[in-house]
Number of protein chains: 2
Amino acid sequence: MSGRLSVIGLGPGDQRYLTQEAVNALHIADVLYGYGPYLDRVPARDGQSRHPSDNREEGERARSALRHAMEGAHVAMVSGGDPGVFAMAASVCEEIEAGPPAWRNLDVSIVPGITAMLAAAARAGAPLGHDFCALSLSDNLKPWETIERRLDAAADAGFVIALYNPVSKARPWQLSHAFALFSRHLPGTVPVIFSRAVGRPDESLTVTTLATAGEVAADMATLIIVGSRETRVIARQGKSPLVYTPRAMSKVPA
Amino acid sequence: MSGRLSVIGLGPGDQRYLTQEAVNALHIADVLYGYGPYLDRVPARDGQSRHPSDNREEGERARSALRHAMEGAHVAMVSGGDPGVFAMAASVCEEIEAGPPAWRNLDVSIVPGITAMLAAAARAGAPLGHDFCALSLSDNLKPWETIERRLDAAADAGFVIALYNPVSKARPWQLSHAFALFSRHLPGTVPVIFSRAVGRPDESLTVTTLATAGEVAADMATLIIVGSRETRVIARQGKSPLVYTPRAMSKVPA
């Protein structure tokens, strides 16, 4: 029997963001791996085994799934959001490259999902309607100097910026540092969106400005979008504002 | 009767990328608007009218849909990929801001979709596994000097770069110009991915390097991902290579 491994994006939050392809891929798998709370979002199916793991064990989780698939099982590794954006797909590739040569022969497929910034942007309007970048604010896996350099470059060049992993208990100061850095390039009126737990029952959306962004609470479930000079806010009575970045910009160089 | 407008992402290519939320939103709409080939991807339903339009009429299409919703209809505007990424959601917001004040009271929702770069990345492995940016190479709506400045900033700061709208008949030289510019910052060995018509029967994937990227054909249906210095290629016998950007980078500043 020839095994295979599918790395499947569930999207953020509940079932609404699952794609048809993800539903099919989850259904035909013999074995599911993943971070416990993500696995809990997948409906149970008879004959399908589950291997939940802690959030901090990506490497070991990927190796276990690869070994299981090499034994002939059809293995699905579930991931929140999109598996290719700060998630499990890169981890699986890392382990394939570092592992036994036979792992390279395994049938591996990645099933894309709605990543948090797309769901958050949709809630707010169309803040990613023009050029944008996505950056993890975690300095667990890269030097803080590199993050600063990227934030500087992105803000200076006029990209809208989506910040993943903005805050954790072990990283309390990085986000305010990032806002201070943006303020060197951008006016205080630039819109900033905080989207927390998007797609979940307790989801919330806060639209503020760069000048006051430091006063808004954020945690690991928050996705932050910092606008560019072009990003606009449409106030609406009795509704949250629409935030968007126009497709066109003036033909005068920024 | 109170009208509403949903702007719905179909994902790239066929039905496999449709989310549950998009399926539901398409089903309950009275009226569908959109670029003809995208509308053709939505199964017909009795009692639902269709208003296909040309690809170049975004503003007029958005205004027609808004007027129709203001008359009380439940209108769905379909968009390829994600409506918030170089697509219809920003166009709808532009028209709401410029239109009659009453348009701001309309119930507007955006349904996110799989954007082309996520589907293309999934096909190749995990090239967007670390910080990345998305940039439209079209200078129809922004000055070429701004595009150059952003390409420079992104390549220099170590972002992986997804290029939307790389080439058209009216814009034949911009892509080779972009590759030349990247070559000032990045070694010729950096992986470059060409993903054409992803999710369609004629889809293709080409993995090459920056040094030879200029020799690969591209058109408006092509999404290009230019790696960073960290992006790696895992060769595989009888299979296309896996391209990925590791989550961790060395703690030495770039």
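Residues numbered from 1 in each chain as written. Chains lettered and ligands numbered in written order. Predicted model: local features only at pLDDT ≥ 70, side-chain atom pairs only at ≥ 80, totals over all residues. Heavy atoms only, no water.

**Q** Sorry if this is basic, but what is going on with the interface of chain B and chain A here?
**A** Reports often express the size of an interface as the amount of accessible area lost when the parts come together. The partner chain A presents 78 residues to the 78 residues of chain B that form the contact. In this assembly, chain B packs against chain A so that about 6,900 Å² is buried in total across both faces, 58% of it on carbon and sulfur atoms. For the chain B face of the interface with chain A, the top three residues by lost area are B:R149, B:R150 and B:R247, together amounting to 11%. Taken together, the connections running from chain B to chain A amount to 12 salt bridges. Across the salt bridge formed by B:E97 and A:R232, the nearest N and O atoms sit 2.7 Å from each other. Across the chain B-chain A interface, the total number found is 35 residue pairs in polar contact (both at pLDDT 80 or more). Top contributing element to the side of chain B that touches chain A by residue count: helix α6 (residues 144-157) of chain B, with eight residues. In terms of residue class, the side of chain B that touches chain A is made up of 41 nonpolar, 17 polar and 20 charged. Judged from the three bridges that link them, strand β7 (residues 132-136) of chain A and strand β7 (residues 132-136) of chain B form a sheet pairing that is antiparallel. Following the sheet pairing, A:A134 is matched in β7(B) by B:F132. (Contact = heavy atoms within 4.5 Å. Buried area = accessible area lost by both parts, 1.4 Å probe. Salt bridge = Lys/Arg side-chain N within 4 Å of Asp/Glu carboxyl O. Polar contact = N/O pair within 3.5 Å; in protein donor to acceptor, adjacent residues only side chain to side chain. Helix = DSSP H or I, 4+ residues; strand = E, 2+ residues; numbered from the N terminus. Nonpolar A, V, L, I, M, F, W, Y, C, P; charged D, E, K, R; others polar. Pairing = 2+ DSSP bridges.)

**Q** I would appreciate a short explanation of empty space enclosed by the protein in the present structure.
**A** Remark: the empty space left among the atoms is shown by a probe the size of a water molecule rolled over them. Taken as a whole and judged by the stated rule, the model has two cavities of 30 Å³ or more. In this structure, the largest cavity occupies an estimated 50 Å³ of space. Lining the largest cavity, in full, are B:L10, B:G13, B:D14, B:Q15, B:L18, B:L26, B:R41, B:V42 and B:P43. Volume-wise, the second largest cavity comes out at about 30 Å³. Lining the second largest cavity, in full, are A:L118, A:A121, A:A122, A:G125, A:A126, B:D82, B:P83, B:G84 and B:I110. (1 Å grid on protein atoms, 1.4 Å probe; cavity = no way out; pocket = protein on both sides within 12 Å on 5 of 7 lines; lining within 4 Å. Points joined across faces, edges and corners; volume = space filled by probe spheres on them.)

**Q** Looking at this structure, how should I read the packing of aromatic side chains?
**A** Pairs of aromatic rings are described using the distance from one ring centre to the other and the angle between the two planes. One pass over the full model with this rule turns up 10 aromatic pairs over all chains. With a centroid separation of 5.2 Å and an interplanar angle of 80°, the aromatic rings of A:Y35 and A:Y38 are classed as edge-to-face. Cluster of aromatic residues (ring-pair linked, three or more members): A:F86, A:Y164 and B:F132. Stacked on the ring of B:F159, the Lys or Arg A:R150 has its end atom at 6.0 Å from the ring centre. (Phe/Tyr/Trp six-rings, centres within 6.5 Å; stacked < 30°, edge-to-face > 60°. Lys NZ or Arg CZ within 6 Å of the ring centre and 35° of its normal.)

**Q** Would you take a moment to explain the domain arrangement of chain A for this structure?
**A** Residues and elements named next belong to chain A. Along its sequence, chain A is organised into domain 1 (4-114) and domain 2 (117-244). One C-alpha centre belongs to domain 1, the other to domain 2, and the line joining them spans 29 Å. Each side of the interface is counted separately: domain 1 has eight residues, and domain 2 has 11 residues. Interface area, domain 1 with domain 2, both sides summed: about 670 Å², of which 67% is carbon and sulfur. Looking at the side of domain 1 facing domain 2, the largest losses of area belong to Y17, F86 and I114, adding up to 57% of the total buried there. Taken together, the links from domain 1 to domain 2 amount to zero salt bridges. For the pair domain 1 and domain 2, the number of links is three residue pairs in polar contact (both at pLDDT 80 or more). Looking at the side of domain 1 that touches domain 2, its residues break down into five nonpolar, one polar and two charged. (Domains from an automatic or database assignment.)

**Q** Help me understand the nonpolar core, please; the structure alone is not making it clear to me.
**A** Generally speaking, soluble globular proteins have nonpolar side chains that are buried together. Among the nonpolar cores identified, the biggest contains 54 residues, and A:F182 and B:F182 are the most heavily contacted of them. Apart from residues lying up to four places away in sequence, A:F182 is in contact with A:L151, A:A155, A:I161, A:L163, A:L210 and A:V226. Counting residues in each nonpolar core, the second largest holds 42 residues, with A:A124, B:A116, B:M117 and B:Y164 among its members. (Core = buried A, V, L, I, M, F, W, Y, C linked by side-chain atoms within 4.5 Å. Buried < 20%, exposed > 50% of the residue type's maximum accessible area, 1.4 Å probe, protein only.)

**Q** Would you mind going over the environment of B:V190 with me for this structure?
**A** Residue and element names in this part refer to chain B. Looking at where V190 falls in the secondary structure, it is placed in the loop between α7 (174-183) and β9 (191-196). On the basis of relative accessible area, V190 is assigned to the buried category, the value being 3%. Note: C-alpha distance between V190 and S204 (14 residues apart in sequence) is 20 Å. Once residues within four sequence positions are removed from consideration, V190 is found in contact with T208, T209, L210, V226, G227, S228 and R229.

**Q** Help me understand unusual backbone geometry in this model?
**A** Excluding glycine, most residues fall at negative phi; most peptide bonds, likewise, are trans. All names here are of chain B. Despite not being glycine, F86 has its phi angle at roughly 50°, a positive value. Non-glycine residue N165 carries a positive phi angle of around 50°. Considering the arrangement of structural elements, one finds N165 in the loop between β8 (160-164) and α7.

**Q** Explanation requested: the sheet that holds β7(A) in the structure shown.
**A** Adjacent strands of a sheet form backbone hydrogen bonds with each other and so pair up, either parallel or antiparallel. The 10 strands lie next to each other as β10(A)-β9(A)-β11(A)-β8(A)-β7(A)-β7(B)-β8(B)-β11(B)-β9(B)-β10(B), forming an open sheet whose pairing is mixed. If you trace the sheet from one side to the other, it starts and ends with β10 (204-209) of chain A together with β10 (204-209) of chain B, each paired once. The mean angle between the axes of side-by-side strands here comes to 15°, regardless of whether they run parallel or antiparallel. Where β7(A) lies against strand β8 (residues 160-164) of chain A, five bridges are found, and the strand directions are parallel. The partner of A:A134 across the bridge, within β8(A), is A:A162. Each of β7 and β8 of chain A is contacted by helix α6 (residues 144-157) of chain A, which is oriented at about 165° to β7(A), the strand it contacts most. Contacts from α7(B) reach β8, β9 and β11 (222-226) of chain B within the one sheet, and its direction differs from that of β11(B) by about 10°. (Axes fitted to C-alpha atoms, helices over the stretch in contact; angles between N-to-C directions.)

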